[in-house]
Amino acid sequence: MLKIEHLTKQYGEKKAVDDLTLHIQPGEIYGFIGHNGAGKTTTLKSVVGILHFDAGEIFIDGIDIKKDPIGCKKKIAYIPDNPDLYDYMTGQKYLEFIADIFGVSAHERKTRIRELSERFELTADLAQPISTYSHGMKQKLAIISAWLHDPKLIIMDEPFVGLDPKAAHLLKGMMREVCDRGGAIFFSTHVLEVAEKLCDKVAIIKEGKLIRSGAMIDVRGDASLEDVFLELED
């Protein structure tokens, strides 16, 4: 579903991501773990086509992000760590706008908007301007918009920050539903406990370099990573 090969991204002399290779298969919830500044966000933005990278290749469902960025973006959804929404729009108008971009039919968008907004208890607020929303409400709206076009790969940067426990639990269930349908999830977190409870596989990144990747049970059981885990738990 997602194939990253030897990804390198530099800012001046600093390598924010250094020769990163990672493969994510259909059906996997894949956690990307590391402290703030480790290279997580740079990697995710490279994957979704926001950042140009200096070396390497990225394929989404077999499509090269550099050769066919539009084709790739049709298959994915991206939720940044601080969703930048159009505050002058109402929640409903914003969701209609996203549905237009991805070519979601009138019937499908009506059904999905209703179902998703009810799940997140946001229906009554969709008529209000986004400028009146709390951070948590904006996060919920961003999640709804990401799920609207039924993407094959959903990429999220610290998606649980700002969500109340009920919404966080709901999102975890939705992530598993995507994978059960043959999709995949790739999300970053600096909270080890979240990755342990939720992920099928994880990758640990430190100072732009991949430290270890694989099944959560194998990575967590690696005694050589004890210092790394202690740092993440601080």
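Structure report, in brief. (Residues numbered from 1 in each chain as written. Predicted model: local features only at pLDDT ≥ 70, side-chain atom pairs only at ≥ 80, totals over all residues. Heavy atoms only, no water.)

1. Here's the deal with the sheet that holds strand β7 (residues 153-157)
One open sheet accounts for 6 strands, arranged β6-β7-β8-β3-β9-β10; its pairing is mixed. A single partner strand is all that each edge strand has here, and the edge strands are β6 (76-79) and β10 (209-215). Within the sheet, the average angular offset between the axes of one strand and its neighbour, ignoring direction, is 15 degrees. Two elements, strand β9 (residues 201-206) and β10, share 6 bridges in a ladder whose sense is antiparallel. Across the sheet, V202 pairs through a bridge with G214, a residue of β10. Across the sheet, helix α1 (residues 40-47) touches β3 (29-33), β6, β7, β8 (184-189) and β9, and the angle it forms with β7 is around 150 degrees. The strands touched by helix α6 (residues 165-180) are β3, β7 and β8; relative to β8, the strand with the most contacts, the crossing angle is about 145 degrees. (Pairing = 2+ DSSP bridges. Helix = DSSP H or I, 4+ residues; strand = E, 2+ residues; numbered from the N terminus. Axes fitted to C-alpha atoms, helices over the stretch in contact; angles between N-to-C directions. Contact = heavy atoms within 4.5 Å.)

2. Examining the pattern of salt bridges
By the definition in use, this model includes 16 salt bridges. Of the charged contacts in the structure, one is a salt bridge between K3 and E5, with a shortest N-O distance of 4.0 Å. On the basis of relative accessible area, K3 is assigned to the partly exposed category, the value being 38%. For D100, the salt bridge is made with R109, and the minimal N-O distance between the two is 2.8 Å. (Salt bridge = Lys/Arg side-chain N within 4 Å of Asp/Glu carboxyl O. Buried < 20%, exposed > 50% of the residue type's maximum accessible area, 1.4 Å probe, protein only.)

3. Considering the packing of aromatic side chains
Taken as a whole, this structure holds 6 aromatic pairs when the rule is applied. Between the aromatic rings of F32 and F186, the centroid separation amounts to 5.2 Å while the plane-to-plane angle is 45 degrees, which identifies the pairing as tilted. With F32 in strand β3 and F186 in strand β8, this pair connects stretches of sequence that are 154 residues apart. The pair formed by F32 and F186 is uniform in burial state, with each residue classed as buried. What links up through ring pairs into an aromatic cluster is the set Y86, Y88, Y94 and F97. A cation sits over an aromatic face here: K9 above Y11, 5.2 Å from the ring centre. Sitting above the plane of the F160 ring, K172 keeps its charged end 5.5 Å from the centroid. (Phe/Tyr/Trp six-rings, centres within 6.5 Å; stacked < 30°, edge-to-face > 60°. Lys NZ or Arg CZ within 6 Å of the ring centre and 35° of its normal.)

4. Notes on the layout of surface pockets
Considered as a void within the structure, the largest pocket measures approximately 700 Å³ in volume. Surrounding the largest pocket, 24 residues form its lining, Y78, Y94, I98, I101 and F102 being those nearest its centre. Sorting the residues of the lining of the largest pocket by element identifies α2 (69-74), β6, α3 (91-101) and α5 (135-147) as the ones contributing at least two each. The class makeup of the residues in the lining of the largest pocket is 18 nonpolar, 3 polar and 3 charged. (1 Å grid on protein atoms, 1.4 Å probe; cavity = no way out; pocket = protein on both sides within 12 Å on 5 of 7 lines; lining within 4 Å. Points joined across faces, edges and corners; volume = space filled by probe spheres on them. Nonpolar A, V, L, I, M, F, W, Y, C, P; charged D, E, K, R; others polar.)

5. Notes on the side chain of S46
By the element assignment, S46 lies in helix α1. A residue is classified by how much of its surface remains accessible, and S46, at 1% relative accessible area, is buried. Setting aside residues no more than four positions away along its own chain, S46 makes contact with L7, L51, F53, I58 and I65.

6. Points about the sheet that holds strand β2 (residues 14-24)
Pairing in this open sheet of 4 strands is antiparallel, and the strands run β2-β1-β4-β5 from one edge to the other. The two strands at the open ends of the sheet, each matched to only one other strand, are β2 and β5 (63-64). Strand direction decides the pairing type here: strand β1 (residues 2-11) and strand β4 (residues 55-60), joined by 5 bridges, are antiparallel. The partner of T8 across the bridge, within β4, is A55.

7. A look at the pairing of β8
Among the 6 residues that make up β8, 6 are buried, leaving the element largely enclosed by the rest of the structure. Because side chains alternate across β8, one face comprises the buried residues A184, F186 and S188, and the other comprises I185, F187 and T189, equally buried. Bridge count for β7 against β8 is 5 bridges, and the pairing is parallel. Across the sheet, the residue bridging to I154 is I185, located in β8.

8. Considerations on the side chain of K140
One can find K140 in helix α5. K140 gets classed as buried once you look at its relative accessible area, which sits at 13%. In this view, K140 contacts F120, L122, L163, D164 and A167; residues no more than four positions away in its chain are not counted.

Any link to function would need more than the numbers given here.
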